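# Descriptive structure summary
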Amino acid sequence: MAAVLGVSAHYHDAAAALVVDGRIVAAQQEERLSRVKNDPSLPRMAIDACLALGDIEAAALDRVVFYENPYRKLERVMVGSFAAFPRGAGFFRRALRSQLGDKLWVLDQLAAHLGVKRERVSFVDHHQSHAASALDCAPFDDAVALTIDGVGEQESTAIWAPADGGPRRVASIDYPHSLGLFYAAITAYLGFRVNEGEFKVMGLSAYGTSRFDDEVNQLLRVAADGSFRLRTSAFDEHLRPDRAYGDELVQLLGPARESQRPWDLDSGEDRRFADLAASAQRALEEAVLALGRAAHERTGARHLALAGGVALNCSANARLLAEGPFERVFVQPAAGDAGGALGAALLGARSEGDAIDGRFDPALGVAADPDRAMAVARHLGLNADRVDDPEREAAERLAGGAIVAWVRGRSEWGPRALGQRSLLTRGDDVTLRDVLNRRIKGREAFRPFAPVVRDEHASALFEGAPNDMTPAMTTVCRAMDDSLPGCTHVDGTARVQTVGPEGALDGLLRAMEGHGQRALLNTSLNAAGEPLVAHVTDALDFFVRRKPDVLYVEDVRITR
Amino acid sequence: MRALADFVYTFSWRLPGRRWRRLLAFAEAEAESALELRCAAAATSDPERAALYLKHAADEARHAEILQRRATLARGSAVSLPRRGHARLFERFGEPVFIAYVHRGERRGRRQFEAHVRFFERRDPALAAALKSILADERRHESYTAELLAGPLADGAPAARRRARRVDLGDRWRRVGSALTGPLFAVLMLLLYVLAAPLALGARGDRAGWRTHD
Amino acid sequence: MSRLTTLRELIGHFIGRRKFFFVPLLIVLLVAGGLLLLTGGLSYVAPFVYTLF
């Protein structure tokens, strides 16, 4: 019976998670509270929020677990910069500065922030954290975990079998052979920000035809045993972490895209970039499929649990389920580094002797406070009233073409808005989609939106839905028809969310059915480049700045 | 006195290549201020003050956009705001110190912007007009924070002001210290890198394929 | 004081992995790190402060 806090920090997407007596009590990403997108800094606010949500004092924590080994990380940084001698001098200086000035002391920083003894703070392995988060949250047994990301301490990819003390490593692939590095380099090459623009590459790829397969296959080669090899000389993460690719990649693929220029997919130049995105996406999917087959061959497990940043590639996940050897596939929704905090807490709980309660609901963050929303809204000069039936009323507005900001309960764990902090509108109207993209969210026109639908209608609208991934939108499904053009991507797929009877959007979707609509467009409550909203004040801030038609915080309706 | 202050505040506008960089640095400061204020709005217990902080944050965000646009114009090509961490002032020091700190910053900013407006009035009237619109907001921010310190946050306000001053000075010292030690550290690191390189020759390794664990 | 634990663990790590050649390097690095801790470590620019230069 223990209270364990897990923490990830100092690379990207810092987070905290609290597990009490083997049950996940709270999990919160720091960016949602600090309002700095992908905030990597020590998640002080998230830690405090988790403790408050669990109603527990820091002194009562039995253990605090950091999600990776800071010493091995320092070792890799040093070895990597010497291996690149003499060009690694700049990297050595910058990396050592942040390591010695900050990152190396993370366990002390945690002890100091919490006011607990340093001995109570320990660390686990990066990929094992990912694996634990995937296996312990998966809704099935007889599973193998596959963790794929940029790099942990040393490895970029690993296969894990469940075991009593936490996942057991079966096989692994070492950095710099890394699918995360490969995709990050392509992301930067296409002019997007690394660790953030990867979703954009995936969205863009649907607009292209993969005519650069030969070139991309020279960069990433899949072996017969399911492993893969990068042409490491074309990647330069050590020397230029913000772009990750080297001159050799430019020689192979042509000049990179400058980041500031607006996209015009009718131009030949941008079509070339879309085609490159398509080839890179296809190569990634093939590599992930090969890894899935290798994991199955090595363990014989019937089910697959995924985590690590690459597991956020929902198109690859869809192919794993459709073409891979597994009956079921699950992705821990905060598959990136944030999820490491959850895995670390779960591993800590196991080592304290607790059995893990596998029930998992992603509504693990800070709670919405409608009274406070109403009071602050009135001080902002907005209209704020309680309504008897917010679902019915919101459905009427949505049916009439409104764009509705929707805040319900505790905020989501993972990158997707799942109905707790969502922007909603009709999915059958492309005009509304364009208004949302340009006016409300201010993002590129090629970015797709996702539909949300109740479980019982999912299979009529989308092939293969619902499945283990659709509740947290970690996969894509092919739309049965073109009835939802506002939230179906150009290739006919959609990153559908399915909602069970307990889901935050169940009531609203039922009310929509009275208006002849079985699905809604559901996107995150934030503008481009901002983190998803958590607190109600952030929702109000968004409402004032970006002007959706109405904001509902539980049963409080806010209008201008 | 004012002439001297004006000279100090506006000196670097004259330097080539400095104008757009400085405007961008202003934009960064505004963007970071907006983050601080949004966090303060989430953290304060009082809904009225939460609303004040949100309005203030919206002003700062708008200023950041104006200044970024002006930096782009001054440079002649697009500039984007780098993304940084933030100081978490409210969380670290509590509401009275936070507001005392904000008040200090707004008062100082107001004085500086008065000098900037005077400097650009004839040299670049469009930029002067943009800075003037920001200045108007800063006067408002300066006075509402003073009212808070005299009213609802009056308990312990003198101590809060002193603490804010210490925080401000401490940050300055760390910025100066960091600027001074930066080059020293860089030289030291280069030296170490070269000296240690032979030791680390064995460090090379680029192993592909599966590693199996029993 | 808790930093001593980190130091011990760090040196132990490199010795445990038989990377002895890193140990003298580390000691120099840690001195540099001390310098950094005293003077640096500001991840933010400065809210509410406009640069003079």
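Below or above, wherever it landed, is the structure these notes cover.

What follows deals with the overall build of chain B. Summing up its helical and strand segments, chain B has 7 helices and 1 strand in all. Tracing chain B from N to C terminus, the helices and strands come up as α-α-α-α-α-α-α-β. Against the globule reference of 17 Å for 214 residues, chain B gives a C-alpha radius of gyration of 22 Å, more extended than a compact globule. When the backbone C-alpha atoms are referred to their principal axes, chain B occupies close to 65 × 45 × 35 Å. The buried share among the 214 residues of chain B stands at 48%. For chain B, contacts bridging at least 24 residues in sequence account for 76% of all contacts bridging at least 6. With the model as given, the accessible surface of chain B reaches about 10,200 Å², and the carbon-plus-sulfur share is 57%. For chain B, the separation between the mean place of its 39 positive charges and that of its 25 negative charges on side chains is 7 Å.

Right, let's talk about the state of the cysteines for a bit. The final tally for this structure, using the stated rule, is 0 disulfides over all chains. With no disulfide of its own, A:Cys314 has A:Cys477 as its nearest cysteine by sulfur position, at a separation of 9.8 Å. With no disulfide of its own, B:Cys39 has A:Cys50 as its nearest cysteine by sulfur position, at a separation of 16 Å. Taking the relative accessible area as the measure of exposure, B:Cys39 reaches 9% and is therefore buried.

Note the cis peptide between A:Phe85 and A:Pro86, where omega equals 0°. The residue after A:Ala465, namely A:Pro466, is reached through a cis peptide bond having omega -5°. With respect to the helices and strands, A:Pro466 occurs in the loop between helix H17 (455–461) and strand S19 (477–478). Even without being a glycine, A:His10 presents a positive backbone phi close to 75°. Along the chain, the position of A:His10 falls in the loop between strand S1 (3–8) and strand S2 (15–20). In the Ramachandran plot, B:Arg88 falls in the positive-phi region, its phi being about 50° despite a non-glycine side chain. Along the chain, the position of B:Arg88 falls in the loop between helix H3 (47–75) and helix H4 (89–93).

So, on to helix H18 (residues 506–513) of chain A. Regarding H18(A), the residues found buried are A:Asp506, A:Leu508, A:Leu509, A:Ala511 and A:Met512. On its buried face, H18(A) is in contact with helix H15 (390–399), strand S15 (404–407), strand S17 (421–426), strand S18 (450–454), strand S21 (497–499) and strand S22 (519–524) of chain A.

Once that is clear, we can look at the packing of aromatic side chains. Per the stated rule, a full pass over the model turns up 20 aromatic pairs over all chains. On the basis of an interplanar angle of 75° and a centroid distance of 6.5 Å, the ring pair of B:Phe98 and C:Phe48 is categorised as edge-to-face. One end of the pair, B:Phe98, is in helix H5 (residues 95–123); the other, C:Phe48, is in the segment after helix H2 (22–39), on a second chain. B:Phe98 gets classed as buried once you look at its relative accessible area, which sits at 0%. We classify C:Phe48 as buried; its relative accessible area is 4%. For the ring pair B:Phe119 and B:Phe120, a centre distance of 5.0 Å and an interplane angle of 90° mean the geometry is edge-to-face. By relative accessible area, B:Phe119 is classed as buried at 7%.

With 61 residues of chain A in contact, the opposing surface of chain B contributes 45 residues. For the pair chain A and chain B, the summed buried area comes to about 4,400 Å², and 59% of that belongs to carbon and sulfur atoms. Of all residues in chain A, the largest losses of buried area upon contact with chain B belong to A:Phe82, A:Arg97 and A:His379, amounting jointly to 13% of the total for that side. Where chain A meets chain B, there are 4 salt bridges. Between A:Asp39 and B:Arg88 there is a salt bridge, and its shortest N-O distance comes to 3.0 Å. Here the side of chain A that touches chain B gets 6 residues from one element, more than from any other, and that element is strand S8 (residues 168–174) of chain A.

Another aspect to go through is the interface of chain A and chain C. Reports often express the size of an interface as the amount of accessible area lost when the parts come together. Of the residues lining the interface, 20 residues belong to chain A; the matching set on chain C comes to 19 residues. Across the chain A to chain C interface the summed buried area is about 1,900 Å²; carbon plus sulfur atoms make up 70%. Inspection of the chain A/chain C interface yields 2 salt bridges. Of the charged contacts in the structure, one is a salt bridge between A:Arg118 and C:Glu9, with a shortest N-O distance of 3.2 Å. At the surface where chain A touches chain C, the tally comes to 7 residue pairs in polar contact (both at pLDDT 80 or more). Of all the secondary structure elements, the ones that give two or more residues to the side of chain A that touches chain C are helix H3 (70–83), helix H4 (89–101) and helix H5 (106–114) of chain A. The element that contributes the greatest number of residues to the side of chain A that touches chain C is H3(A), accounting for 7 residues. Grouping the constituent residues of the side of chain A that touches chain C by class yields 12 nonpolar, 2 polar and 6 charged.

Reading the values: rules and limits
- Residues numbered from 1 in each chain as written.
- Chains lettered and ligands numbered in written order.
- Predicted model: local features only at pLDDT ≥ 70, side-chain atom pairs only at ≥ 80, totals over all residues.
- Heavy atoms only, no water.
- Helix = DSSP H or I, 4+ residues; strand = E, 2+ residues; numbered from the N terminus.
- Rg over C-alpha atoms; globule rule 2.2 N^0.38 Å.
- Buried < 20%, exposed > 50% of the residue type's maximum accessible area, 1.4 Å probe, protein only.
- Contact = heavy atoms within 4.5 Å.
- Areas by Shrake-Rupley, 256 points an atom, 1.4 Å probe, with all protein chains shown as cover.
- Lys, Arg positive; Asp, Glu negative; His and termini not counted.
- Charge placed at Lys NZ, Arg CZ, Asp CG, Glu CD.
- Disulfide = S-S within 2.5 Å.
- Phe/Tyr/Trp six-rings, centres within 6.5 Å; stacked < 30°, edge-to-face > 60°.
- Buried area = accessible area lost by both parts, 1.4 Å probe.
- Salt bridge = Lys/Arg side-chain N within 4 Å of Asp/Glu carboxyl O.
- Polar contact = N/O pair within 3.5 Å; in protein donor to acceptor, adjacent residues only side chain to side chain.
- Nonpolar A, V, L, I, M, F, W, Y, C, P; charged D, E, K, R; others polar.

Geometric descriptors of this kind do not, in isolation, establish any biological role.
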